[in-house]
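Below are the chains, spelled out letter by letter.
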Amino acid sequence: MDHAAWRSMRDETVWGRDGLASLVATEWLDTTPRALEAAPGLWHADGGSAIGVVDGERVSLPVGDELRTGDLLLRAITRDGMTALRVWSPDGAAHRGISTIVRFPEDPDARVRGTFLRETSPETIDRVAVDGHHSPGTFPASVSFAWEGTTVRLAVEDRDGELFAAFSDATSGAESHRFRHLRMPAPDADGAVEVDLNRATLPPCAFSDHYLCMLPPPGNRLTVGIRAGEARVE
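Some details on the overall build of the chain
Scanning the chain for helices and strands turns up two helices and 18 strands. For the chain, the C-alpha radius of gyration of 20 Å lies close to 17 Å, the compact-globule estimate for 234 residues. Seen through its principal axes, the chain has C-alpha atoms that stretch 65 × 40 × 30 Å. Per-residue burial over the chain gives 47% buried out of 234 residues. Sequence-distant contacts, at least 24 apart, represent 59% of the contacts inside the chain between residues at least 6 apart. Counting every atom, the chain has about 11900 Å² of accessible surface; 48% of that belongs to carbon and sulfur. A gap of 2 Å separates the mean positions of the 24 positive and 36 negative side-chain charges of the chain.

This is the structure we're talking about:
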């Protein structure tokens, strides 16, 4: 897929109906039914599902299921045995006053060859989410590549057949968001990986405070500046 088509698809993922920018609430539930500000009905948690009574009807939302009520989309998530109801609204981005992804200029030199390395004994580290939640995690592999005369190494995870990394760099917090995401195709038979930094993306939490993004692991906090890809939202 060429970059213009990829960028158009990315914009739809963010700004389209039920896109990343439309998340308006993540409501943590307990066993007591209660009204929520962002969604109609009374809701509580039961066995990993969000249970609601909406317009007099009982609704059960296991993780993976969804419910449309009016213009809203509802889904359940779980974390450490806790259940939350998430609410998407088509007015979410407008209410926060955001509408544009600011990007660095596309740079052909930001497409580089990387080298994939599978870790034989991955170390368990303390992973921290943007809301301060801690959880143990491991990174089973890394990708290294040359950038601005330096060898950069990113710890990566396997996600849906692709490699995924969260990283920060010398632009983070000033020219760009505090951290960004990068997806890369799976390595070829020789361990080569196509690294296209033009496709570095803002994390979901750049578009809504109700996402629970994980911060980059310590090794992915780079000292070089990566002036490619998405920078910030306005």
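Quick word on the pattern of salt bridges
In the structure shown here, the tally under the stated rule is 17 salt bridges. As a salt-bridge pair, R68 and D18 come within 2.2 Å of each other at their nearest N and O atoms. Here R68 is found in strand β6 (residues 66-69), whereas its partner D18 is found in the loop between α1 (3-15) and β1 (23-29), with 50 residues between them in sequence. For D18, a relative accessible area of 21% translates into the label partly exposed. Between R153 and E119 there is a salt bridge, and its shortest N-O distance comes to 2.7 Å. One end of the pair, R153, is in strand β14 (residues 150-159); the other, E119, is in the loop between β10 (111-118) and β11 (125-128), and 34 residues separate them in sequence. Assessed through its relative accessible area of 27%, E119 is described here as partly exposed.

Details of the sheet that holds strand β15 (residues 162-167)
Spatial ordering of the open sheet is given by β16-β15-β14-β13-β10-β17, a layout of six strands whose pairing is antiparallel. At either end of the open sheet lies a strand with only one pairing partner, and these are β16 (180-185) and β17 (192-196). Neighbouring strand axes in the sheet, compared pairwise and without regard to direction, differ in orientation by 40° on average. Of the pairings in the sheet, the one linking β10 to β17 comprises five bridges and is antiparallel in character. Counterpart to V112 in the pairing with β17 is V195.

Focus: the layout of surface pockets
Of the pockets and cavities examined, the largest pocket occupies roughly 1000 Å³. Considering the residues around the largest pocket, the lining is formed by 30 residues, among which R159, F164, H181, R183 and T201 are closest to the centre. Counting only elements with at least two residues in the lining of the largest pocket, the list comes to α1, β15, β16 and β17. For the lining of the largest pocket, the leading source of residues is β16, giving five residues. The class makeup of the residues in the lining of the largest pocket is 16 nonpolar, five polar and nine charged. Estimates place the volume of the second largest pocket at around 240 Å³.

As for the nonpolar core
Formed by 23 residues in total, the largest nonpolar core has its most connected members in V143, F145, M184, V195 and L197. Only β10, β13 (141-147), β14, β15, β16 and β17 provide two or more residues apiece to this core. When near neighbours in sequence (up to four residues on either side) are disregarded, M184 contacts V143, V156, E162, L163, A165, V193, E194 and V195. Counting 17 residues, the second-largest nonpolar core is a separate cluster that includes L73, I101, C205 and C213.

So, α1
For α1, spanning 13 residues, the distance from its first C-alpha to its last is 18 Å, which sits close to the expected 18 Å at 1.5 Å a residue. Within α1 the residues assigned to the buried category are H3, W6, R10 and V14. End-on, the buried residues of α1 take up no more than an arc of 70°, which puts them together on one face. Exposed residues on α1 whose side chains face more than 90 degrees from its buried face are A4 and E12. Close packing links the buried residues of α1 with β9 (101-103), β10 and β18 (230-233). N-cap assignment for α1: the residue whose side-chain oxygen lies 3.2 Å from the backbone N of A4 is D2.

Cut-offs applied
Residues numbered from 1 in each chain as written. Predicted model: local features only at pLDDT ≥ 70, side-chain atom pairs only at ≥ 80, totals over all residues. Heavy atoms only, no water. Helix = DSSP H or I, 4+ residues; strand = E, 2+ residues; numbered from the N terminus. Rg over C-alpha atoms; globule rule 2.2 N^0.38 Å. Buried < 20%, exposed > 50% of the residue type's maximum accessible area, 1.4 Å probe, protein only. Contact = heavy atoms within 4.5 Å. Areas by Shrake-Rupley, 256 points an atom, 1.4 Å probe, with all protein chains shown as cover. Lys, Arg positive; Asp, Glu negative; His and termini not counted. Charge placed at Lys NZ, Arg CZ, Asp CG, Glu CD. Salt bridge = Lys/Arg side-chain N within 4 Å of Asp/Glu carboxyl O. Pairing = 2+ DSSP bridges. Axes fitted to C-alpha atoms, helices over the stretch in contact; angles between N-to-C directions. 1 Å grid on protein atoms, 1.4 Å probe; cavity = no way out; pocket = protein on both sides within 12 Å on 5 of 7 lines; lining within 4 Å. Points joined across faces, edges and corners; volume = space filled by probe spheres on them. Nonpolar A, V, L, I, M, F, W, Y, C, P; charged D, E, K, R; others polar. Core = buried A, V, L, I, M, F, W, Y, C linked by side-chain atoms within 4.5 Å. Expected span 1.5 Å × (residues − 1). Arc of directions from axis to C-beta. Polar contact = N/O pair within 3.5 Å; in protein donor to acceptor, adjacent residues only side chain to side chain.

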